[in-house]
Every structure is written in C-alpha cells, then in structure tokens.
Amino acid sequence: MQLLLDNHWAIFIALEISSLLFLFLFVVVRYLLTNIRVSYAFLVLFIAAIILEALLAFVVYKHTGEFTTFQIVIVIFIVYAGTFGISDFKKMDRYVKDKIGKWKGIDLLTDKERQIMAHLKDPKVIAKRARLWFYLHTIVFAIAIVIFWQYYGNEQYSFSYFLTNLDWYKDELIEPRPFTNELITNIVQIWSLIYLIDTIINWSYTIFPSEKKD
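In this report, the structure presented in the accompanying data block is examined. All values reported here derive from a predicted model rather than from experimental measurement.

Calculation criteria
- Residues numbered from 1 in each chain as written.
- Predicted model: local features only at pLDDT ≥ 70, side-chain atom pairs only at ≥ 80, totals over all residues.
- Heavy atoms only, no water.
- Helix = DSSP H or I, 4+ residues; strand = E, 2+ residues; numbered from the N terminus.
- Buried < 20%, exposed > 50% of the residue type's maximum accessible area, 1.4 Å probe, protein only.
- Contact = heavy atoms within 4.5 Å.
- Patch = residues over 30% accessible without salt bridge, like charges linked within 9 Å, V, L, I, M, F, W, Y side chains within 5 Å.
- Areas by Shrake-Rupley, 256 points an atom, 1.4 Å probe, with all protein chains shown as cover.
- Salt bridge = Lys/Arg side-chain N within 4 Å of Asp/Glu carboxyl O.
- Core = buried A, V, L, I, M, F, W, Y, C linked by side-chain atoms within 4.5 Å.
- Phe/Tyr/Trp six-rings, centres within 6.5 Å; stacked < 30°, edge-to-face > 60°.

1. Here's the deal with the side chain of Gln189
Note that Gln189 resides in helix 10 (residues 182-207). Its relative accessible area of 13% is what places Gln189 among the buried residues. Every residue in contact with Gln189, bar those within four places of it in the chain, is listed here: Trp168, Tyr169 and Arg177.

Below, the structure written as structure tokens:
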C-alpha cells in the first residue's frame with residue numbers, strides 16, 4: 001500500500017496513457033483489422049482504466065485524509081471522459097473511419113456520418129459550439145467560486161476587494177489571500193488563467209470566423 005501512495009502520480013499517468021492506448025487500439029482493431037469482438041475487449045479495458053483511476057483517488061484520500069490536487073485532477077479527467085470525451089471520441093471515430101476507408105479503398109462512413117462531419121465543419125456551427133462551451137464554462141466556474149468562497153472565503157474582506165486588488169494573484173507571499181485554504185487559492189489562480197485563455201479562443205471563432213469550405 002505504501003508503494004501505491006508513494007507513486008500515485010506515476011500510477012495515474014500510466015493508467016491515463018493506457019486508457020488512451022486502449023481507445024486507439026479499439027478503433028484500429030475495429031476498422032483496420034475488422035475484428036469487432038477484440039475491439040470491444042479494448043473498450044472494456046478503457047473503462048476499467050477509468051474505474052481504476054477513481055479507485056486510486058479514493059484510496060489515496062482514505063489514507064491521507066486530505067482532498068488534494070491529485071483528487072481534483074482525477075475528477076476533472078473522469079468528468080471529461082463522461083461528458084465532452086464522448087463527443088470527442090465520436091469525432092475521432094468518424095475521422096479514423098474516413099482515413100482507413102480511403103486507405104483500404106472502401107467507404108466505411110454512413111451518409112449520416114458524412115452529414116455530421118460536414119455540419120461540424122461549418123464555421124457558424126463551430127462558432128455556436130464554442131459560445132455554448134464558453135457559457136457552460138462560465139456557469140461552472142462561477143458556481144465553483146461561490147462554493148469556494150462559502151467554505152474557504154476570507155471573511156475579513158469582501159469578495160469585491162479581491163476582484164479589484166489582484167496583488168494576491170501575482171505574488172503568493174502577499175497578504176491577505178482571498179481563501180483560507182492555500183490549495184483552493186492555487187486552484188482559483190490556475191483556473192482563472194485557463195478561463196481567460198478559453199474565453200479568448202472560443203470567442204475568436206465568432207469574431208474571426210473562417211470561410212466555409214465546399
């Protein structure tokens with residue numbers, strides 16, 4: 001057990017790499033080797049790797065008694081896999097089918113899949129999906145901030161004080177800090193930067209749309 005606790009990050013990375021490898025093998029075996037039964041075995045292994053990641057996060061938490069960055073990272077990966085990861089997998093699946101089909105000289109895509117691929121390449125659709133992601137990210141980020149402030153907020157100051165005085169963001173040694181928990185403060189700092197970059201990227205599709213290709 002101590003070996004697991006001492007190497008939990010390495011184990012998580014190994015499981016994550018393995019899960020991506022299993023997905024890749026699922027697609028290759030399914031379409032290149034046309035072995036449906038074996039391909040499903042790799043899909044089961046992918047799901048098993050995700051479950052093992054969740055168990056690893058739980059075991060580490062039970063032995064340390066602390067909810068750390070490690071658990072947060074695994075939760076983010078699992079949530080992604082169960083939400084946007086499904087959409088991204090379907091997109092990858094169609095892409096691989098198209099490439100393997102062209103390489104083998106056969107048509108593996110259905111008419112519906114071709115329509116979906118053409119639809120997703122429309123600049124208006126890309127911009128709309130990007131805006132929806134921005135709205136969702138904003139809602140989740142705002143809810144998280146409210147929860148963090150409710151449980152770990154520095155009650156000696158108002159929340160607006162930290163919005164207008166960002167010295168705490170630039171230097172971790174500067175006091176006061178917006179949250180009494182240092183981990184939460186670090187999460188908010190990193191998440192704020194990610195949110196800013198994500199906002200710029202998502203709105204760029206609306207402000208600077210690409211030309212639609214035939």
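There's plenty left to go through after this.
2. Brief notes about a nonpolar patch on the surface
A contiguous nonpolar patch, built from Leu166, Tyr169, Leu193, Leu196, Ile197, Ile200, Ile201 and Tyr205 and spanning about 740 Å² of accessible area, is present on the exposed surface. Examined against the element boundaries, Ile201 turns out to sit in helix 10.

3. Topic: the nonpolar core
If you look at the biggest cluster of nonpolar residues, it comprises 13 residues, and the most contacted ones within it are Phe148, Phe179, Ile184, Ile187 and Val188. Those elements giving two or more residues to this core turn out to be helix 7 (123-152) and helix 10. Per element, the largest residue contribution to this core is five residues, and it comes from helix 7. Not counting the four nearest positions on each side in its chain, Ile187 is found in contact with Ile72 and Phe148. Of all hydrophobic cores here, the second largest spans eleven residues; its members include Phe26, Val27, Phe42 and Ile100.

4. What about the environment of Tyr61?
Structurally, the position occupied by Tyr61 is in helix 3 (residues 36-64). Along the backbone, Tyr61 and Gln71 are ten residues apart, and their C-alpha atoms lie at a distance of 7.6 Å.

5. Quick look at the packing of aromatic side chains
One pass over the structure, following the stated rule, counts 18 aromatic pairs. Pairing Phe12 with Phe70 gives two aromatic rings, centres 6.1 Å apart and planes at 85 degrees, and the pair type is edge-to-face. Of this pair, Phe12 sits in helix 2 (residues 8-32) while Phe70 is found in helix 4 (residues 69-82), placing the two residues 58 residues apart along the sequence. Take Phe70: its relative accessible area is 2%, and that puts it in the buried class. With 6.4 Å between their ring centres and 50 degrees between their planes, Phe26 and Tyr40 make a pair best called tilted. One end of the pair, Phe26, is in helix 2; the other, Tyr40, is in helix 3, with 14 residues separating them in the sequence. Classification of Phe26 by relative accessible area gives buried; the value is 5%. You can call Tyr40 partly exposed: its relative accessible area is 42%. Each residue in the set Phe134, Tyr135, Phe141, Trp191, Tyr195 and Trp203 is aromatic and connected to the rest through ring pairs, giving one cluster.

Geometric descriptors of this kind do not, in isolation, establish any biological role.
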